[in-house]
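For reference, the chains in residue letters:
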Amino acid sequence: MKKIIKKYSFLIGLFVFFWIIKDVEFAQLKEALFTINPFLYMIAAFIYIPMMFLKAYRWKKIMDAQEIRYSFENTFLMYGASYLFGLITPGKIGEFSRMAYLKKDNHPMGKVLFGNLLDKLSDLFFVILFIAFAALFIPRLPDFTFKYSQLLKWAGGGLLLAVVIFGFIYIKNKDKLYNFFSEIFTEIKRLKIYNLLFVFVITAVIWFLFFILIYFIGVSIGITKTAGFFYLSFTAAVSNLISLLPISVLGVGTREAVFIFLLAPLGIPTELIILFSLLVLVNYLSMFFICLACWLKKPVI
């Protein structure tokens, strides 16, 4: 049962997607489709190119700090090829396939994993920080009504379960874990404050470009008349955070749910929100051919 759930968990996103669109008025969706400004939408598509270069450059600088030396060309090819797998795997987990290149060149597993985790965690840290900041300053947020006592119980139970699982793994693999974490701590000591600051600055630039991309898509269908740059950026950030859950491929279902939850209260029609989400998806897929070219030149497997 556990293997079945793990194997087919990505179908949850598809189920959510079809549940959402079952009530969509397709005539209105088609009408909204003809309002797209193709010039603005094309600008959004091209913004992904500098984003890819910056992401590859960030990873290269992390590896440089770890004394793992690759040319920028090789780094970009490895990053692009692994990004291809990220496009087609739940939670973008396929992006970790780039570790195979480094392992093939006999770099220690702890060092390889740490560099890749730092690359991914820099995005996670920034998006969480941005969401928290935006939630404080955006006046037009839906009224969230959390039951904090219940939330604490779930958090406490989850933490206890995590401790038990880690304890069991530790007992079974004590020597391997000791060597692994020794490598991790060695890599942490190797990094300097300016290395982390540089990674954070590059990450901020990458996300700012992404928010501009989202805004151009919004402008192309007139959604920005109601939702401004800051609010659309907040919506996109929340959507990207949720898309990390391994219950969807390409964010299908989760993105639509987040967009409707955050944009519908502003009076934006569901059909226009669905179109906005689909345009974001198609824009995201525009990187497929670049990533495929990277994989063909430097296959990850």
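All of these numbers come straight from a predicted model, not from anything done at the bench. Going along each chain's sequence as written, the residues are numbered from 1 onward. With the structure being a predicted model, the display of local features is reserved for residues of pLDDT at least 70 and the display and counting of side-chain atom pairs for 80 or more, all residues being used for whole-chain, interface and lining totals. The side-chain quantities take in all heavy atoms of the structure and omit both hydrogens and water.

A. Seen up close, the layout of surface pockets. Each pocket or cavity is described by its volume, and for the largest pocket that value is around 710 Å³. Those elements giving two or more residues to the lining of the largest pocket turn out to be α4 (38-65), α5 (72-87), α7 (109-137), α10 (193-220), α11 (229-242), α12 (254-263) and α13 (270-285). Secondary structure is summarised from DSSP: a helix means a run of H or I of at least four residues, a strand means a run of E of at least two, and numbering begins at the N terminus for each. Ranked by residues supplied to the lining of the largest pocket, first place goes to α7 with six residues. For the lining of the largest pocket, the residue count by class is 26 nonpolar, eight polar and six charged. Detection works on a 1 Å grid of protein atoms alone, calling trapped sets that fit a 1.4 Å probe cavities and calling open sets with protein on both sides within 12 Å along at least five of seven lines pockets, with lining residues defined by an atom within 4 Å of a point. Grid points are joined across faces, edges and corners, and a volume is the space filled by probe spheres set on the points. Amino acids are sorted into nonpolar (Ala, Val, Leu, Ile, Met, Phe, Trp, Tyr, Cys and Pro), charged (Asp, Glu, Lys and Arg) and polar (every other residue, Gly among them).

B. Representation of α13 in the model. Working rule for helices: expected span equals 1.5 Å times residues minus one. Over its 16 residues, α13 runs 23 Å from end to end, which matches the ideal 22 Å to within 8%, given 1.5 Å per residue. Burial status follows relative accessibility: with a 1.4 Å probe on protein chains alone, a residue under 20% of its type maximum counts as buried, one over 50% as exposed, and anything between as partly exposed. Across the 16 residues of α13, 12 count as buried, placing the element largely inside the fold. Among all positions in α13, only Glu-271, Leu-272, Ile-273, Ile-274, Leu-275, Phe-276, Ser-277, Leu-279, Val-280, Leu-281, Asn-283 and Tyr-284 are buried.

C. The arrangement of the environment of Phe-137 in detail. Among the secondary structure elements, Phe-137 is positioned in helix α7. Separated by 94 residues in sequence, Phe-137 and Tyr-231 place their C-alpha atoms 9.9 Å apart.

D. How the structure looks around a nonpolar patch on the surface. Residues enter patches when they are more than 30% accessible in relative terms and free of salt bridges; like-charged ones are connected within 9 Å and nonpolar ones (Val, Leu, Ile, Met, Phe, Trp, Tyr) within 5 Å. We get accessible surface area from the Shrake-Rupley algorithm with a probe of 1.4 Å; when it comes to residues, only the shown protein chains can shield them. By definition here, a salt bridge exists when the distance from a side-chain nitrogen of Lys or Arg to a carboxyl oxygen of Asp or Glu is within 4 Å. Taken together, the side chains of Phe-125, Leu-129, Phe-200, Val-201 and Val-205 present a nonpolar region at the surface, about 420 Å² in accessible area. Elements with a contribution of two residues or more to the nonpolar patch: α7 and α10. The biggest single contributor to the nonpolar patch is α10, with three residues. Mapped onto the elements of the fold, Phe-125 is located in helix α7.

E. Main features of the packing of α10 against α13. Relative to each other, α10 and α13 sit at 130°, their axes nearing to 10 Å. Considered as vectors, α10 and α13 are oriented oblique to each other. At the point where α10 passes α13, the crossing takes the right-handed sense. Of α13, the residues touching α10 (which contributes Leu-213, Ile-214, Ile-217, Gly-218 and Ser-220) are Phe-276, Leu-279, Val-280 and Asn-283. Tallied by class, residues from the contact of α10 with α13 come to six nonpolar, three polar and no charged. Lines fitted to the C-alpha atoms define the axes, with helices restricted to the stretch that makes contact. Angles between their N-to-C directions range from 0 to 180 degrees. Orientation categories follow fixed angle ranges, with anything under 35 degrees roughly parallel, anything over 145 roughly antiparallel, 65 to 115 roughly perpendicular, and all other angles oblique. A clockwise turn of the near helix away from the far one marks a right-handed crossing, whereas an anticlockwise turn of less than a right angle marks a left-handed crossing. Only heavy atoms enter the contact rule, under which two residues are in contact if any of them lie within 4.5 Å.

F. Summary view of the packing of aromatic side chains. Side-chain rings of Phe, Tyr and Trp (the six-membered ring for Trp) are treated as a pair once their centres are within 6.5 Å; stacked means planes under 30 degrees apart, edge-to-face means over 60, and tilted covers the remaining angles. The final tally for this structure, using the stated rule, is 24 aromatic pairs. With a centroid separation of 6.3 Å and 35° between ring planes, the pair formed by Phe-72 and Phe-76 is classed as tilted. Placement of both Phe-72 and Phe-76 in helix α5 is noted, with a separation of four residues, approximately one turn of the helix. The exposure class assigned to Phe-76 is buried, which follows from its relative accessible area of 14%. Aromatic pair Tyr-79 and Tyr-83: ring centres 6.2 Å apart, planes at 25°, arrangement stacked. With Tyr-79 and Tyr-83 both in helix α5, this residue pair falls four residues apart, about one helical turn. Exposure class is identical for Tyr-79 and Tyr-83. Each is buried. Taken together, the ring pairs in this structure connect Phe-125, Phe-126, Phe-130, Phe-133, Phe-200, Trp-207, Phe-210, Phe-211 and Phe-230 into an aromatic cluster. One Lys or Arg, Lys-61, reaches over the ring of Phe-198 and ends 5.9 Å from the middle of that ring. Our definition puts a charge over a ring when NZ of Lys or CZ of Arg is within 6 Å of the ring centre and also within 35 degrees of the ring normal. Above the plane of the ring of Trp-59 lies Arg-98, whose end atom (NZ or CZ) is 5.1 Å from the centre.

Read these as layout, nothing more, since geometry by itself doesn't imply function.
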